[in-house]
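Report on the structure
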Amino acid sequence: MRDRRESARDKVMYGGVAEIGDTGTRRECIVRNFSETGASVEFSNIVNLPKEQLSLRIARKGRSFLAKVVWWRDNFVGLAFSAEPPPGPVSDLEERLRRSEIKKRQLQRRIKELLGER
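No experiment lies behind these values; they were computed from the predicted model shown. (Residues numbered from 1 in each chain as written. Predicted model: local features only at pLDDT ≥ 70, side-chain atom pairs only at ≥ 80, totals over all residues. Heavy atoms only, no water.)

1. Looking at the environment of Phe 81
Going by this rule: Counting from the N terminus, the helices are DSSP H or I runs at least four residues long and the strands are E runs at least two residues long. Accessible area is worked out with a 1.4 Å probe on protein chains only. A residue is then buried under 20% of its type maximum, exposed over 50%, and partly exposed in between. Residue contacts are defined here by distance: any two heavy atoms, one from each residue, within 4.5 Å place the two residues in contact.
For Phe 81, the location among the structural elements is in strand β6 (residues 76-81). A relative accessible area of 13% places Phe 81 in the buried class. The contacts of Phe 81, once residues within four sequence positions are left out, are Phe 34, Ser 35, Glu 36, Thr 37, Gly 38, Ala 39, Leu 56, Phe 65, Leu 66 and Ala 67.

Below, the structure written as structure tokens:
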């Protein structure tokens, strides 16, 4: 079989986390080989991955990569890294603040009910 990779991969054994799609589903994996342009990862069981894009975070390297699934067989997956960096974490601060304000108003109404005020 002819190797079509852009660069040679080093055999490694890094822990990784794949974040799949917009849902933010996370799956732990083991990175089996790695280069600057791609990686081969192993999941603990068979996974169903989108072909479009996923984000792979490798803590030991302190980096995250946007990747496209090139091939998969059972629980082994070949990834090609995208040239663009993955998006940074999205802050949920606004959503938490909004929920907190709603809860605050509900509690204020309940206090007024208990005190007999309307």
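And the narrative resumes.
2. Thoughts on the sheet that holds strand β1 (residues 10-20)
For clarity, the cut-off: DSSP calls a pair of strands paired once it identifies at least 2 bridges connecting them. Comment: axis = line fitted to C-alpha atoms, over the contacting stretch for helices; angle = value between 0 and 180 degrees taken between N-to-C directions.
Around the barrel, which closes on itself, the six strands sit in the order β1-β2-β3-β6-β5-β4 with antiparallel pairing between neighbours. If you compare each strand with its neighbour and ignore which way they point, the axes differ by 45° on average. Pairing of strand β2 (residues 25-34) with strand β3 (residues 38-43), which is carried by five bridges, proceeds in the antiparallel orientation. Across the sheet, Cys 29 pairs through a bridge with Phe 43, a residue of β3.

3. Considering the pattern of salt bridges
Worth spelling out the cut-off: Take a side-chain nitrogen of Lys or Arg and a carboxyl oxygen of Asp or Glu: if they are within 4 Å of each other, that pair is a salt bridge.
In this structure the tally under the stated criterion is four salt bridges. Across the pair Glu 42 and Arg 32 runs a salt bridge whose closest N-O atoms are separated by 2.6 Å. Of the two residues, Glu 42 sits in strand β3 while Arg 32 sits in strand β2, which places them 10 residues apart along the sequence. We classify Glu 42 as buried; its relative accessible area is 17%.

Read these as layout, nothing more, since geometry by itself doesn't imply function.
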